[in-house]
Amino acid sequence: MSHMMIKKWFAVTSLFISMLTQAAYAQKRAAIVVKAGTSVARVQPTMWGVFFEDINLGADGGIYAEMVKNRSFEFYEPLMGWKVRQSTFHEGSVLVQNRKEESPTNPRYLRISKSNPADTLSLTNEGFRGMGIKKGLRYDFSMQYRLPAAGLQLRLELVNSAGRVIGSEVLTPAVTPGQEWKKLAVSLHSTDTALRGRLNIRVEGAGVIDMDMVSLFPEDTWKGRPGGMRADMIQMLADMKPGFIRFPGGCIVEGRDLSNRYQWKKTLGPVDQRQLIMNRWNVEFAHRPTPDYFQTFGLGFYEYFQLAEDIGASPLPILNCGMACQYNTAEVVPLEELDPYVQDALDLIEFANGDVNTKWGKIRADMGHPEPFHLKMMGIGNENWGPQYIARLKVFTKAIKEKYPDIRLVNSCGTDPNGDRYDYLNKELRGMHADIIDEHYYRRPEWFLQNARRYDTFPRNGSKVFAGEYAAQSDRTVSVENRNNWQTALSEAAFMTGLERNADVVEMASYAPLFAHVDGWQWTPDLIWVNNLQVNGTPNYYVQKLFSLNKGTDVVPALRNNKSLAGEDSLYASAVIDRRSNELIVKMVNTSATAQSLQLNIEGVKKLSRTGTLTVLGNTALSAVNKVGDAVMVVPSDRQIEVKGKAVDVDAAPYSFSVFKVKLSSTEYADATK
């Protein structure tokens, strides 16, 4: 054999051995075929969003940055949240007064009388489970007052939990003529940090002063707006880039009875003219009483629309349909008396979209936003059910569609994803050709794993689905033992691959509830937990964020043995392309305790980038949680991954959610949606 023949023989043999080795290696890896050139469904821009409700101190004591609780003395107990201290007791030195005829929405105020300059008298406000005070930050104090004669001054103090003053300022209010109310404002600067601080107001000298709307805001509100929102909490939402924000709830839309329902028109205008009501979560759970939970509406519908605009989300307001919560009073408005409720819906569209020459468009403009808010959808009712809901919904639908045919309506499908209530509503709503049907599921993690194919068999035409409220329950619904552990988040990730895979059916989805204060919650689990100084994303938050940030524009098939992956060998998968960034994004969930070797075979494109990005979220302990103030146990990590031609080797770690992204060189996609 010649030298040349020997060389050729070695080359052929080496190639053959290499091919055998690669084939054997590939056989060890489970192959997932991703048909990146075939779009089977369009992903709506609204697909992944957030649902805000004022529960768990979500608004007052939460995203609304006001630090003074019961600032206008309108709680059922007028001095709740306040403590009066005086060295010598004098009957009538601190009195709650009422001016109902001249100020019916904010009638109460505090009158302080002090006759002896040597006596000490002070008011202390405890805040919402304390006040979070940051070192070096400015705090803006204001109040409304009346002072008939000189002689009094006020010493303002920021105090930590040990009683040490960490910021102070002295005010000498000017005398006010007659019965006129004036506003007094001053700024304090903190010299230290306190998790559970307080505000002291020391009354020095002698005289009489009336006080109302006593307020304290940090300077670092969202976008620096005076009287605005807590920036770190809103940043968590902005970081998700949600497609929509649903507001203001939830059960507070319904109210315990109709007098307790949310009425958006009463949340507009000057803050001191917005009438406070009891938050229905105040008395909902005997095991989590919250007697100091009220809605001041400093955060109202104007602010909600503004927030949606700020974070680039479509607004989704939910309105009462003439029914109170059916778990409470189940009070309903007779059909012949429903007109004011329907008019509220029509007026809201005008408020959001009308030009400045319309009645409600002018009100929006006068509040500082002449441009429309571009409202495209609204919800009628929340978790309502039965024939009484359908009857009222038909009245709303007819009136809204006649005047605003392009507004899409979200309709309630009740409280559960199955059962007689669900079956009745689903049939009726589809018969009405409802735009969007709002489905809710609070279930054990096993339910989410078993229902990853829930929407595979839903009709592709007609009504679309809004997965409006969902959260895996580690114990059971309404249990105080529920935890935002990794098991619940992993099961939600698996379920969400099914939502994404069926984007031609499911147009929107949001976890619920959104926020919870560690010392003031009524319901768990929740997406984001906070204390007065810190904010913490749960494992569930990072799952939602990874889906939202990797939304894509088109669903493409991700198949194993020519079938979508929805639990086979404990694997779940979905894939999208993003036409804007020209990327392929594959989401994979491994719910088993064993690592799995996968090979992604990408079809339908000419060429891939040589490297991609693999983001992995996971923990080998299903019980792992992220606690406010502690080390974060479940957080995403990124690394580069090599791409060999059109094949990508991916190792799915035990109990993990992985997102693989790679640039595509071709933009020529087949489109099965046409």
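Please refer to the structure placed before this passage.
Residues numbered from 1 in each chain as written. Predicted model: local features only at pLDDT ≥ 70, side-chain atom pairs only at ≥ 80, totals over all residues. Heavy atoms only, no water.

Comments concerning the sheet that holds strand β21 (residues 408–412)
In plain terms, the rule: Note on pairing: two strands pair once DSSP finds at least 2 bridges between them. Counting from the N terminus, the helices are the DSSP runs of H or I reaching at least four residues and the strands are the DSSP runs of E reaching at least two.
The eight strands lie next to each other as β4-β16-β19-β20-β21-β22-β23-β24, forming an open sheet whose pairing is parallel. The sheet is open, and its two borders are formed by β4 (50–51) and β24 (506–511), each paired with just one other strand. Where strand β22 (residues 436–443) meets strand β23 (residues 464–472), eight bridges bridge the pair, whose relative direction is parallel. If you follow R443 over to β23, its bridge partner there is A472.

Details of the nonpolar core
We count it as follows: As used here, the term nonpolar core means buried Ala, Val, Leu, Ile, Met, Phe, Trp, Tyr and Cys residues forming a set that is joined through side-chain atoms within 4.5 Å. Buried means the residue's accessible area, taken with a 1.4 Å probe over protein chains only, is under 20% of the maximum for its type, while exposed means over 50%, and partly exposed covers the values in between. The contact rule is simple, with two residues in contact once any of their heavy atoms fall within 4.5 Å.
Residues F301, M378, I400, W486, L499 and F657 are the most contacted members of the largest nonpolar core, which totals 127 residues. Not counting the four nearest positions on each side in its chain, M378 is found in contact with L316, P317, L319, A345, L348, I349, I400, I407, R408, L409 and V410. Counting residues in hydrophobic clusters, the runner-up holds 34 residues, among them L137, L147, L156 and A194.

Structural notes on the layout of surface pockets
Selection criterion: For each structure, a 1 Å grid was placed over the protein atoms alone; sets of points admitting a 1.4 Å probe that cannot get out are labelled cavities, open sets with protein on both sides within 12 Å along at least five of seven lines are labelled pockets, and lining residues have an atom within 4 Å of a point. Grid points are joined across faces, edges and corners, and a volume is the space filled by probe spheres set on the points.
Volume-wise, the largest pocket comes out at about 860 Å³. The wall of the largest pocket is formed by 41 residues, among which K183, F217, P226, G227 and V271 lie closest to the centre. Secondary structure elements with two or more residues in the lining of the largest pocket: β10 (138–146), β13 (182–189), β15 (207–218) and α4 (301–310). Looking at the lining of the largest pocket element by element, the count peaks at six residues for β10.

Focus: the packing of helix α7 (residues 387–403) against helix α8 (residues 420–431)
Note the threshold: Angular values range over 0 to 180 degrees, each being the angle between N-to-C directions of two axes fitted as lines to C-alpha atoms, with helices fitted over their stretch in contact. Small angles under 35 degrees read as roughly parallel and large ones over 145 as roughly antiparallel, with 65 to 115 read as roughly perpendicular and the rest as oblique. Crossings are classed by handedness, with left-handed meaning an anticlockwise turn of the near helix from the far one by less than a right angle and right-handed meaning a clockwise turn. Three categories are distinguished: nonpolar for Ala, Val, Leu, Ile, Met, Phe, Trp, Tyr, Cys and Pro, charged for Asp, Glu, Lys and Arg, and polar for the others, with Gly belonging to the last.
Interaxial distance between α7 and α8 falls to 10 Å at its minimum, and their mutual angle equals 20°. Comparing the axis directions of α7 and α8 gives the class roughly parallel. In the packing of α7 onto α8, the handedness of the crossing is right-handed. Contact residues: P387, Y389, I390 and L393 in α7; Y424, L425, E428 and L429 in α8. Tallied by class, the residues present in the contact of α7 with α8 amount to seven nonpolar, no polar and one charged.

Some details on helix α10 (residues 486–501)
Count 3.6 residues to each turn of an α-helix, and residues three or four apart come out pointing the same way. Rules: Here the expected span of a helix is defined as 1.5 Å times the quantity of residues minus one. In the analysis that follows, any N or O atom pair within 3.5 Å is treated as a polar contact, provided that within protein one partner can donate a hydrogen and the other can accept it, and provided that, for residues neighboring in sequence, both atoms belong to side chains.
Across its 16 residues, α10 extends 23 Å between first and last C-alpha, which sits within 8% of the 22 Å expected from 1.5 Å per residue. In terms of burial, α10 is a largely internal element, 15 of the 16 residues being buried. Measuring from the side-chain oxygen of the N-cap residue of α10 to the backbone nitrogen of Q487 gives 3.2 Å; that N-cap residue is N485.

Overview of the pairing of β24
Just so we agree on the cut-off: A clockwise course of the path from the first strand over the helix to the second, judged with the strands pointing away from the viewer, identifies a crossover as right-handed.
The buried fraction of β24 amounts to six of the six residues, a majority that puts the element mostly inside the structure. Here β23 runs beside β24; their pairing, made up of four bridges, is parallel. Each bridged residue has a counterpart across the sheet, and for Y470 the counterpart in β24 is Y511. Handedness of the crossover is the feature at issue here: the chain leaves β23, passes through α10, returns alongside β24, and the resulting connection is right-handed.

Side note on the packing of aromatic side chains
This is how the line gets drawn: Side-chain rings of Phe, Tyr and Trp (the six-membered ring for Trp) are treated as a pair once their centres are within 6.5 Å; stacked means planes under 30 degrees apart, edge-to-face means over 60, and tilted covers the remaining angles. Charge-over-ring contacts are defined here by two conditions on Lys NZ or Arg CZ: a distance within 6 Å of the ring centre and an angle within 35 degrees of the ring normal.
Counting across every chain of the model gives 38 aromatic pairs. Between Y109 and W181, the aromatic rings sit 5.3 Å apart at their centres with planes inclined by 75°, giving edge-to-face as the arrangement. Of the two residues, Y109 is situated in strand β7 (residues 108–114) and W181 in the loop between β12 (165–171) and β13; the sequence distance between them amounts to 72 residues. Given a relative accessible area of 6%, Y109 falls into the buried group. The ring of F51 carries the charged tip of R246 above its face, separated from the ring centre by 4.2 Å. Just above the ring of W281 sits the side chain of R280; from NZ or CZ to the centre is 5.0 Å.

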